[in-house]
There are 4 protein chains.
Amino acid sequence: MKGFAMLKIGATGWVEKDIPSCGPMDAICKPLALAPCTSDIHTVWAGAIGDRKDMILGHEAVGEVVEVGALVKDFKPGDKVLVSAITPDWNSLEAQGGYPMHSGGMLSGWKFSNFKDGVFAEYFHVNDADGNLAHLPEGMDLGAAAMLADMVPTGFHGAELADISFGDNVAVIGVGPVGLMSVAACAIRGAAEIFAVGSRKNCTDLAREFGATDIINYREGDIVEQILDKTHGKGVDKIVVAGGDNNTFAQAMQILKPGGIIGNVNYLGEGEFVPIPRVEWGCGMGHKQIRGGLMPGGRLRSEKLARLITTNRIHPEKLITHTFHGLENVEPALMLMKDKPRDLIKPLVLIDK
Amino acid sequence: MKGFAMLKIGATGWVEKDIPSCGPMDAICKPLALAPCTSDIHTVWAGAIGDRKDMILGHEAVGEVVEVGALVKDFKPGDKVLVSAITPDWNSLEAQGGYPMHSGGMLSGWKFSNFKDGVFAEYFHVNDADGNLAHLPEGMDLGAAAMLADMVPTGFHGAELADISFGDNVAVIGVGPVGLMSVAACAIRGAAEIFAVGSRKNCTDLAREFGATDIINYREGDIVEQILDKTHGKGVDKIVVAGGDNNTFAQAMQILKPGGIIGNVNYLGEGEFVPIPRVEWGCGMGHKQIRGGLMPGGRLRSEKLARLITTNRIHPEKLITHTFHGLENVEPALMLMKDKPRDLIKPLVLIDK
Amino acid sequence: MKGFAMLKIGATGWVEKDIPSCGPMDAICKPLALAPCTSDIHTVWAGAIGDRKDMILGHEAVGEVVEVGALVKDFKPGDKVLVSAITPDWNSLEAQGGYPMHSGGMLSGWKFSNFKDGVFAEYFHVNDADGNLAHLPEGMDLGAAAMLADMVPTGFHGAELADISFGDNVAVIGVGPVGLMSVAACAIRGAAEIFAVGSRKNCTDLAREFGATDIINYREGDIVEQILDKTHGKGVDKIVVAGGDNNTFAQAMQILKPGGIIGNVNYLGEGEFVPIPRVEWGCGMGHKQIRGGLMPGGRLRSEKLARLITTNRIHPEKLITHTFHGLENVEPALMLMKDKPRDLIKPLVLIDK
Amino acid sequence: MKGFAMLKIGATGWVEKDIPSCGPMDAICKPLALAPCTSDIHTVWAGAIGDRKDMILGHEAVGEVVEVGALVKDFKPGDKVLVSAITPDWNSLEAQGGYPMHSGGMLSGWKFSNFKDGVFAEYFHVNDADGNLAHLPEGMDLGAAAMLADMVPTGFHGAELADISFGDNVAVIGVGPVGLMSVAACAIRGAAEIFAVGSRKNCTDLAREFGATDIINYREGDIVEQILDKTHGKGVDKIVVAGGDNNTFAQAMQILKPGGIIGNVNYLGEGEFVPIPRVEWGCGMGHKQIRGGLMPGGRLRSEKLARLITTNRIHPEKLITHTFHGLENVEPALMLMKDKPRDLIKPLVLIDK
């Protein structure tokens, strides 16, 4: 089979590999829809996870099952499925302890295009099919379904980490596709004011549509000052970090009330330290919690978030600004993600038969 | 001053009393808007809290401050204020332990028209003004503001008790004004399917508008069967009980998944026992939690829920089906609540100058 | 192989069966130590789980692995292992949602001597060996290890359900072996006063040794009155129910403070309803939570609770009042459990080579 | 009256002041026992809270009420009382939101020797007596009672922030008097292994007595390596930071498992940033939570922690290595705290009549 791969750090290309083999609990799928992710860019061009040779890229897919192992109970060839980007080993100690995304080691629930080949191929392998696939709800838009692999669960995890309560004022820092889903998540989690920090018009327009009450544009002044100004100097109850870099936490700390929480879902790719400003952190005494984590993954989460689409609570298909057709177009779709033209939020590749 | 009172069990009438005196932490207010509550009906005609003589009724009000005590810092005469129906003693052991509504004893945070005169009067007394009043946000509709006294915080507490998570399927049993606010609360707390159990058309129409996905009408068959049918026999993740009686919990238990939670905000006025069906409760082993509680009350909660109105997340003013003008009309408004015509959801009395 | 079985409701006896076969994720073990449980008595003589034919009894064991499936990574023949009485399917939706004991349906994580043969046999089958076995810590007493199958995790789950906080006053109702472990759990969870309700001297003596501050004996007067008396009428913060029957909850509700929690780990075997007294429950408004659930089970829990033994925090071996030797003696050990002589807390059967 | 004061940064001395006046909710007390705290040292000689002129020092006291305001209900002159070092305004928004220690602003629940005169005087003022005093339990040792002002609640808050679960392996970094109480707290919160990091023999001996299983001495090698070594490279589940400096968090992050929590109760007095190591923090994705906060304070907490002494769960009087008599000896007691001889853990001053 052919797949689009990271050949080495800084280089991509098509490779030919054997169709992966299927263990007793596993499934082999072919893609129905694919989406490239910023992580794919970091993986190839920033070497974020170290070097890899001829590793097929991609972790966002909607699929069709072509083979299942003997122990798989709930899926069969022909089933159309949601595929979680994070596919934990559910019997691991970490999963039993509530952290499936770290099954087998920190971040090791992330397997696609990390510890094994990803989904940008004619076929891909899913470990523990019963635990990590979910049936594609009838009539669900393939674009929305593709967003359930990573954008929705990651964005929503930001709101979960920040533990939004009814009436909280919230800042969402970063309004790329993940941050936009965080905005949507905060809005349907009971937030009142949502200050969305971003500058690109298509993103900030969608942020408003998803529930942001205020757009904070760093081009119009210091974001800390703007948010303190809008909150009469008091700051916000909770913060979701879905963009920026290591220094974003220092800004966040300055606008967070005592008792507040920062929930980070932004992968921090470089730098030795994340500096937390001592005084604004209350000299370690201010009850400003700092949390950050990889999305949970797995079947239950896919099913529950899918229900939010089928009940019209969220509209992740609106993230998709560019649609391609055919597996061969994962390459230009990925390049689009690399080049980030200003009209891009998220590309989609439909694998038409 | 004059006030509309419970004269004794089963009898109401206007009484003449002294204007209440103001302690160092307290405020005296006059009403700008008032709303009668089903609790007022239970208090007078069902004797739900025992006998009371000439006790002024009412606990739902928007007010204007006319006097404050020497220790009050944040309010002054002339301020327009939200008044929480529950006004805790914030330094009590119960409040320190997270249960302000039970300050001084179970349910004792409920003072208006229970341990002291209520708000259906020319003037009313508020204990701990800094802790229990909140400034009326500029431009807020008085009807919406009046709903912040009890309907919104009680309805929302149902969703809090049931601990709604993203993608939960939820049943809300009862769609009177409290249940309708529970529906709205579940919808902006991340619920997916919301099965609203009720039969009156104006209520079920508003339930849909507030976010219900399905209306379950007991006139169309057993509600347990209907909900099991719609959930393929699996039942729901969480249940908010905002109506019914002691036997409602048995129905609820039959449609609740293991690991689910029942959050009750319905005052159970009669009967010796609430029967929990043993087998459906998993023989005590099914992790089906039963919770129920009076709304928290207080200033922070009023402020946070008010923000949900000013940011257009909720529209409690839509509960109001009948509007009266003038203090003297609290009497017909209350009688309306007693008679419950089919077009009633909630009456409001505006005290025009 | 031979095993000691429930032949039908009310009858036990030895049966001859094939050694169970081992799936790819499973293990076959032989017992090193076994303990009968009150549940075995209920299963046989009360028909608590319905009829079963020739089903081998027992769910409390320490074992030695004799065979493992091809996918098992962390265990091999010859390993000595702790065996959890509850052995969930870890990739099930219920386990993903935090309720592994209900994997596949309410209470369905309980498989031994329920949905398959139990451990009172020459060999027994363990599903998902990596997820449900744990290595026997070097030097651990086999009696203590056997208590890790059910008595310790069930007793401790009572304290978890009741959510003990530092300085809580707690009542533990029932001081059989599970209740005694609940007492120990409350004591090392930060409880202050622990009122242990029981009457048998060997049990109440051990309750004191495990951390009870007061023994409440129903033979010396109404337990509600005694506890209210000792708490100056205020009652307790939390309650663990580890004994009694459906009516125990009514007593519990009378001694529980508003904001308190009842955590039940007692299997309720008969009666249609568990009656909750309306007034003492605060008319549904008192924030007195009612929880109850089967122990979680699984490897992580076994490992973590085992650490409490190896660090000398708890001493569950003190539960064992009668020790037998040889598989054939599971029969008299079980009968002892049925007859409950006054000097019995828990019997143990060591399977010497 | 006379009091021992910070005259300015770097200078202390006795001052003569008026007896403080008593508001309607307040109490005036005279001290029965006093204890100096490291914070007093930081306040005077490091200028940790900025400059203060002639401010009476001290926030750890047991007292006797000499006057109460008209609104005080539960205390009267002559009552012996526990005095919390943190005395919140209980009706503030922050307290209503669960963070009383930040009432009125970050850390502003800390009033003694910060925003007003402290307790090292013939008389001292307590705001909100009903909310912030607690009756001294009959027969309680005055030394143990004095430790309830700050050492016990602060040490215990570390264990609360780190959210210790049954069977957790925990590191407690720093075994001064606060860290020692954290060790005791972890032990009665269900921790298994407790790695106490410290080097002074009297402290590490007491750490063992309070429940530490291992002493990690930085003089014997890198503490990170030692702890990783003892945990087979896996690290610990939770960490309490009760000593060290800004760089301690980097060490902590290296020994913390994914899903773990750092609970800090150490006041960080200098440096611009607390550096969090990016890679060990899982690139922001490792679910390693960072929490830190001032102790809660108030009456309920004093009462609940006092119960742990009266039920013999903890023995904070063992912290006291040096006992003085007479108010005049707060000066040498404070100097002892400044000089920190190796045999010191905590000094106490008894104010004999």
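All values reported here derive from a predicted model rather than from experimental measurement. (Residues numbered from 1 in each chain as written. Chains lettered and ligands numbered in written order. Predicted model: local features only at pLDDT ≥ 70, side-chain atom pairs only at ≥ 80, totals over all residues. Heavy atoms only, no water.)

**What to know about the state of the cysteines**
Residues and elements named next belong to chain D.
Here is step 1: Overall, the coordinates contain zero disulfides over all chains when judged by the stated rule.
Here is step 2: Among the cysteines around C186, which has no disulfide bond, C203 carries the closest sulfur, lying 16 Å off.
Here is step 3: Assessed through its relative accessible area of 0%, C186 is described here as buried. (Disulfide = S-S within 2.5 Å. Buried < 20%, exposed > 50% of the residue type's maximum accessible area, 1.4 Å probe, protein only.)

**Describing unusual backbone geometry**
All names here are of chain B.
Here is step 1: Here H232, not a glycine, exhibits a phi torsion of approximately 55°, which is positive.
Here is step 2: Considering the arrangement of structural elements, one finds H232 in the loop between α8 (223-230) and β12 (236-241).
Here is step 3: With a phi close to 55°, C283 is a non-glycine residue in the positive phi region.
Here is step 4: Position of C283 among the secondary structure elements: in the loop between β14 (273-277) and β15 (289-292).
Here is step 5: On the basis of relative accessibility, which here comes to 8%, the residue C283 falls in the buried class. (Helix = DSSP H or I, 4+ residues; strand = E, 2+ residues; numbered from the N terminus.)

**Some points on the relation of the copies chain D and chain A**
Here is step 1: With an RMSD of 0.0 Å, chain D superimposes on chain A once it is rotated by 180° and translated 0.0 Å along the axis. Taken together, the rotation and translation describe the operation of a two-fold axis.
Here is step 2: A high fraction, 100%, of the interface residues of chain D reappear at the interface in chain A, so the copies pair face to face through one surface. (Least-squares fit on C-alpha atoms with pLDDT ≥ 70 in both. Contact = heavy atoms within 4.5 Å.)

**Observations concerning the sheet that holds strand β2 (residues 11-16) of chain B**
Residue and element names in this part refer to chain B.
Here is step 1: One open sheet holds the three strands; their spatial order is β2-β1-β4, and the pairing between them is antiparallel. Looking along the sheet, the strands with just one partner apiece sit at the ends: β2 and β4 (55-56).
Here is step 2: Pairing geometry for strand β1 (residues 2-8) and β4, over two bridges, is antiparallel. Bridge pairing links M6 to M55 in β4. (Pairing = 2+ DSSP bridges.)

**Quick notes on the relation of the copies chain A and chain B**
Here is step 1: Superposing chain A onto chain B requires a rotation of 180° together with a translation of 0.0 Å along the rotation axis, leaving an RMSD of 0.0 Å.
Here is step 2: Looking at chain A, 100% of its interface residues are interface residues in chain B too, so the copies touch through the same face.

**Let's talk about the environment of A:G286**
Here is step 1: With respect to the helices, strands and loops of the structure, A:G286 is situated in the loop between β14 (273-277) and β15 (289-292).
Here is step 2: When the C-alpha atoms of A:G286 and A:V330 are compared, they prove to be 47 Å apart, with 44 residues separating the residues in sequence.
Here is step 3: Non-local contacts of A:G286, meaning those with residues more than four positions away in its chain, are made with A:P258, A:G259, A:W281, D:H102, D:M106, D:L107, D:G292 and D:G293.

**Points about the interface of chain A and chain B**
Here is step 1: Across the contact, 28 residues belong to chain A and 28 residues belong to chain B.
Here is step 2: Across the chain A/chain B interface, buried area totals approximately 2,200 Å², and carbon plus sulfur atoms make up 50% of it.
Here is step 3: By the criterion of area lost to chain B, the three top residues of chain A are A:F166, A:R189 and A:R313, representing 36% of everything that side buries.
Here is step 4: Summed over the shared surface of chain A and chain B, the number is four salt bridges.
Here is step 5: Between A:K304 and B:D168 there is a salt bridge; the shortest N-O distance is 2.4 Å.
Here is step 6: At the boundary of chain A and chain B, one finds 21 residue pairs in polar contact (both at pLDDT 80 or more).
Here is step 7: Only α5 (151-161), α6 (177-187) and α10 (299-310) of chain A provide two or more residues apiece to the side of chain A that touches chain B.
Here is step 8: For the side of chain A that touches chain B, the element with the highest residue contribution is α10(A), accounting for four residues.
Here is step 9: Classifying every residue of the side of chain A that touches chain B by side-chain character gives twelve nonpolar, seven polar and nine charged. (Buried area = accessible area lost by both parts, 1.4 Å probe. Salt bridge = Lys/Arg side-chain N within 4 Å of Asp/Glu carboxyl O. Polar contact = N/O pair within 3.5 Å; in protein donor to acceptor, adjacent residues only side chain to side chain. Nonpolar A, V, L, I, M, F, W, Y, C, P; charged D, E, K, R; others polar.)

**Remarks on the pattern of salt bridges**
Here is step 1: Scanning the model with the defined rule gives 60 salt bridges over all chains in all.
Here is step 2: Among the ionic pairs, D:E160 bridges to D:R301, the shortest N-O distance being 2.9 Å. Of this pair, D:E160 sits in helix α5 (residues 151-161) while D:R301 sits in helix α10 (residues 299-310), and the two are 141 residues apart along the sequence.
Here is step 3: Looking at D:E160, the relative accessible area reads 30%, which means it is partly exposed.
Here is step 4: Residue classification places D:R301 among the buried positions, given a relative accessible area of 14%.
Here is step 5: A salt bridge links D:K257 to D:D237, with the shortest nitrogen-to-oxygen separation between them at 3.1 Å. Of the two residues, D:K257 sits in strand β13 (residues 256-264) while D:D237 sits in strand β12 (residues 236-241), which places them 20 residues apart along the sequence. Here D:K257 matches D:D237 in class, with each residue buried.
Here is step 6: Among the charged side chains, a network of salt bridges with common partners joins A:D74, A:R299 and A:E303.

Read these as geometric descriptors, not functional statements.
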